[in-house]
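Take a look at the letters that make up each chain.
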Amino acid sequence: ILNGFSASGGHNFQFVQISSLPDIGLGSYVVWSVFRAVMYFPYDWLQTMAFYDFINIGLPTFVPDSPMYLCSLGTNAPDEWIASLWEPPEDVFPHHYSATRWLNGTYYWWGLTDFVALPGVSKFASVPDLLQQLSEKEALWRISGELRASLQQRTASASTFWRGALLRALGS
């Protein structure tokens, strides 16, 4: 469908499903890094790891600008597990973490996901919007730079945390 939209809009983009890439010898990070961009649909908890793979190699990553893709029943079911040892007051978290069945809760938690919160992750509102953004090479280079800078910040922050944790564990 996306390839049809691309061709009818005068674009020369080819959309491929990532699960097909290893079958044709294109399943490595090196190969992925030469793609123009990736379109990612958040749909399953374990598939979230691919999202981090994409952004960490600086591959411009586009997600739908809609909280309807917020995974709720598989990972955030209210009766599955207790997420914290205390119940935060509503002024801290106005919606329970599993309150994604209600519009206000869904929008609240969607805004806190890395799909929305991380610098450089791009959103698209429609297929024409996605195709327009994919056609802007300079913007894609800028997005890639933002993703790489964000990775450096997260790595530095994590390094500081783990250094302190290790020193405390060693009693230093």
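Above this text sits the structure in question.
Model, not experiment: these values are computed from the prediction.

Basis of the calculations
- Residues numbered from 1 in each chain as written.
- Predicted model: local features only at pLDDT ≥ 70, side-chain atom pairs only at ≥ 80, totals over all residues.
- Heavy atoms only, no water.
- Helix = DSSP H or I, 4+ residues; strand = E, 2+ residues; numbered from the N terminus.
- Buried < 20%, exposed > 50% of the residue type's maximum accessible area, 1.4 Å probe, protein only.
- Contact = heavy atoms within 4.5 Å.
- Areas by Shrake-Rupley, 256 points an atom, 1.4 Å probe, with all protein chains shown as cover.
- Salt bridge = Lys/Arg side-chain N within 4 Å of Asp/Glu carboxyl O.
- Pairing = 2+ DSSP bridges.
- Polar contact = N/O pair within 3.5 Å; in protein donor to acceptor, adjacent residues only side chain to side chain.
- Phe/Tyr/Trp six-rings, centres within 6.5 Å; stacked < 30°, edge-to-face > 60°.
- Arc of directions from axis to C-beta.
- Core = buried A, V, L, I, M, F, W, Y, C linked by side-chain atoms within 4.5 Å.
- Expected span 1.5 Å × (residues − 1).

Tell me about the overall build of the chain, and please be specific about residues and values.
Regarding its fold elements, the chain presents seven helices and three strands. Out of the 172 residues belonging to the chain, those deemed buried represent 33%. Pairs at least 24 apart in sequence give 56% of the contacts found in the chain among residues at least 6 apart. Carbon together with sulfur atoms contributes 60% to the accessible area of the chain, which is approximately 11400 Å² in total.

Describe the pattern of salt bridges, with residues and values.
Where side chains of opposite charge bring their charged atoms close, a pairing between them can arise. As enumerated under the stated definition, the model contains one salt bridge in all. With a closest N to O distance of 2.5 Å, E146 and R142 form a salt bridge. With E146 and R142 both in helix α7 (residues 137–169), this residue pair falls four residues apart, about one helical turn.

Before we move on, can you summarise the sheet that holds strand β1 (residues 38–39) with the specific residues and values?
The parallel open sheet is built from three strands, whose spatial order is β1-β2-β3. Every other strand in the sheet has two partners, leaving β1 and β3 (122–124) as the edge strands with one partner each. Both strand β2 (residues 61–64) and β3 contribute to a ladder of three bridges, which runs parallel. Each bridged residue has a counterpart across the sheet, and for F62 the counterpart in β3 is S122.

Pulling in residues and values, what's your account of the environment of E146?
With relative accessibility at 31%, the residue E146 sits in the partly exposed group. Distance from E146 to P119, taken between C-alpha atoms, is 6.4 Å for residues 27 residues apart in sequence. Beyond its immediate chain neighbours, meaning those up to four positions away, E146 contacts P119 and G120. A distance of 2.5 Å separates the side chain of E146 from the side chain of R142, its partner in a polar contact.

Residue-level account of the packing of aromatic side chains, with values.
Evaluated as defined, the whole model comprises 11 aromatic pairs. The interplanar angle of 90 degrees and the centroid separation of 5.1 Å between the aromatic rings of Y108 and W109 together place this pair among those described as edge-to-face. The class for Y108 is partly exposed, based on a relative accessible area of 23%. By relative accessible area, W109 is classed as buried at 18%.

How would you summarise helix α4 (residues 103–111) if you had to cite specific residues and measurements?
One full turn of an α-helix is made of 3.6 residues, so residues set three or four places apart face in the same direction. Along α4, the residues classified as buried are G105, T106, W109 and W110. For α4, the angular spread of the buried residues around the axis is 125 degrees, confining them to a single face. Among the exposed residues of α4, those oriented more than 90 degrees off its buried face are L103 and N104. Summarising the contacts, the buried residues of α4 are in contact with β2 and α5 (114–117).

Outline the pairing of β2, supporting the account with residue identities and numerical values.
Burial along β2 is two-sided: T61 and V63 facing one way and F62 and P64 facing the other are all buried. For β1 and β2, the ladder comprises two bridges, and the chain directions are parallel. Residue pairing across strands places V38 opposite T61, the latter belonging to β2.

Outline the nonpolar core, supporting the account with residue identities and numerical values.
Formed by 25 residues in total, the largest nonpolar core has its most connected members in Y40, F51, F54, F62, V121 and L134. At the level of elements, α3 (48–56), β2, α6 (127–134) and α7 are the ones that each hand at least two residues to this core. It is α3 that provides the largest number of residues to this core, a total of four residues.

Can you explain α7? Please cite residues and give values.
Helix length check: α7 (33 residues) gives 47 Å between terminal C-alpha atoms against 48 Å at 1.5 Å per residue, within 8%. Burial in α7 covers these residues: A139, L140, I143, S144, L147, S150 and G164. Positioned one or two residues after α7, G171 has a phi angle of 75 degrees, which is positive.

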